[in-house]
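A structural walkthrough
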Amino acid sequence: MRIGELAGIVGVTTRAIRHYHHLGLLPEPERRANGYREYGLRHAVVLARIRRLTELGLGLAEVRDVLADDAGRELAEVLAELDADLARQEAAIHERRERLRVLLGDAERGVLSAEGPVSPELGAFFAEMARSTAGREGPESAMAAKDRELLALIDTTAPQEDRDRLLAAMSPALTSPDAVERAHEVYALLDALAGPDVAGLGDPRTEAAVDKAARALADALPDSLLAELGTEGARAVADGIGRGQDRFLEAFFADFAPAQAEAVRRGMRLLMERGEQ
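Anyway, here's the lowdown on the structure attached to this text. (Residues numbered from 1 in each chain as written. Predicted model: local features only at pLDDT ≥ 70, side-chain atom pairs only at ≥ 80, totals over all residues. Heavy atoms only, no water.)

Notes on the packing of helix 10 (residues 204-220) against helix 13 (residues 258-276)
For the pair helix 10 and helix 13, interaxial distance at closest approach is 7 Å and the crossing angle is 45 degrees. If you check the angle between helix 10 and helix 13, you find them oblique. The two elements helix 10 and helix 13 cross, and the hand of that crossing is right-handed. In contact with Thr 206, Glu 207, Val 210, Asp 211, Ala 213, Ala 214, Arg 215, Leu 217, Ala 218 and Asp 219 of helix 10, helix 13 contributes Ala 259, Glu 262, Ala 263, Val 264, Arg 266, Gly 267, Leu 270, Leu 271 and Arg 274. Its residues placed into classes, the contact of helix 10 with helix 13 shows ten nonpolar, two polar and seven charged. (Axes fitted to C-alpha atoms, helices over the stretch in contact; angles between N-to-C directions. Helix = DSSP H or I, 4+ residues; strand = E, 2+ residues; numbered from the N terminus. Parallel < 35°, antiparallel > 145°, perpendicular 65-115°, else oblique. Left-handed = near helix turned anticlockwise from the far one by under 90°. Contact = heavy atoms within 4.5 Å. Nonpolar A, V, L, I, M, F, W, Y, C, P; charged D, E, K, R; others polar.)

Right, here's the structure in full:
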């Protein structure tokens, strides 16, 4: 087949084919007596693979490395891998559509989180929190919004197994009606520590407010969270300092007002003391 026919079959332009020739990605066929290049099935298979790899987000240099690994393989092997590539993409599209279906359902029920899209597990967690707080008056707590943002960040960055364990550990503190009331009491106390009239740490009134918020936070946090974090993890939060290359906790506390950060650290120390009793 001619270059135009090859381009039409695979769904690329003749200019792209010539570019791939120039880069050495696609071998050039020998010219026939009539001066035209005659392409075969192997060219179509390789060109289709280049298209698939670039559609998956690989750069042309990466595509060259992948194609080099294919050298000497049988045509059936190349075709099988192409089929596997398509199957993986099909599964990924199906998974994304399922997530969109859940999000659209949440939107119809009025429980779509502003932090979304998130995983179905965290979406269900947020929906349960929303149901538990339905009917509360007044603006939303700034600290409650920070909590959701942090969970959404963990949802994106943590391995699924770690994320699921953390959600299970946090669930008792944020989903039952009594626990939700305690959580909102903590949110209010922490929000108050960020006000413009709050004196610095060391001021007796600020120290009293920090201690009150810390005790309320420790009372609201479930033992399951301490069990999930472990002693080392809980101590890292209490100290507010990451380990080694981990600078996340420092960034986490830097997002709080000084009195808020100190209340969270003291609350975690109180939780640790409860676990030791």
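Now that the structure is up, let's keep going.
Here we look at empty space enclosed by the protein
A complete count under the given rule lists two cavities of 30 Å³ or more for this structure. Each pocket or cavity is described by its volume, and for the second largest cavity that value is around 30 Å³. If you trace the second largest cavity, you find it lined by Leu 122, Leu 151, Ile 154, Asp 155, Arg 163, Leu 166 and Leu 167. Of all elements in the fold, only helix 7 (142-157) and helix 8 (160-174) reach the threshold of two or more residues within the lining of the second largest cavity. (1 Å grid on protein atoms, 1.4 Å probe; cavity = no way out; pocket = protein on both sides within 12 Å on 5 of 7 lines; lining within 4 Å. Points joined across faces, edges and corners; volume = space filled by probe spheres on them.)

Considering the pattern of salt bridges
Per the stated rule, a full pass over the model turns up 15 salt bridges. Salt-bridge contacts for Arg 165 lead to Glu 161; the nearest nitrogen and oxygen are separated by 3.5 Å. Of this pair, Arg 165 and Glu 161 are both found in helix 8, four residues apart, which corresponds to roughly one turn of the helix. Between Arg 274 and Asp 223 there is a salt bridge, and its shortest N-O distance comes to 2.8 Å. (Salt bridge = Lys/Arg side-chain N within 4 Å of Asp/Glu carboxyl O.)

Structural notes on helix 13
For helix 13, built from 19 residues, the straight-helix expectation of 27 Å at 1.5 Å per residue is met to within 8% by its first-to-last C-alpha distance of 27 Å. Residues of helix 13 that are buried: Ala 259, Gln 260, Ala 261, Glu 262, Ala 263, Val 264, Arg 265, Arg 266, Gly 267, Met 268, Leu 271 and Met 272. (Expected span 1.5 Å × (residues − 1). Buried < 20%, exposed > 50% of the residue type's maximum accessible area, 1.4 Å probe, protein only.)

Considerations on the packing of aromatic side chains
Applying the stated rule across the entire model yields zero aromatic pairs. Arg 2 extends its terminal NZ or CZ atom over the ring of Tyr 36, reaching a point 4.1 Å from the ring centre. (Phe/Tyr/Trp six-rings, centres within 6.5 Å; stacked < 30°, edge-to-face > 60°. Lys NZ or Arg CZ within 6 Å of the ring centre and 35° of its normal.)

Thoughts on the layout of surface pockets
Taken as a whole, the largest pocket spans an internal volume of roughly 1300 Å³. In this structure, the largest pocket is lined by 42 residues; those nearest its centre are Leu 150, Ile 154, Val 237, Phe 248 and Phe 252. When contributions to the lining of the largest pocket are tallied by element, the ones reaching two or more residues are helix 7, helix 8, helix 9 (177-192), helix 10, helix 11 (223-239), helix 12 (248-254) and helix 13. The element best represented in the lining of the largest pocket is helix 7, accounting for nine residues. Class assignment of the residues belonging to the lining of the largest pocket gives a composition of 28 nonpolar, three polar and eleven charged.

Examining the environment of Ala 216
Along the chain, Ala 216 turns up in helix 10. For Ala 216, a relative accessible area of 13% gives the class buried. Ala 216 sits 51 residues away from Gly 267 along the chain, and the two C-alpha atoms are 7.7 Å apart. Residue contacts for Ala 216: discarding those within four places in its chain leaves Glu 185, Val 186 and Leu 189.

As far as function goes, none of this settles anything; it's purely spatial.
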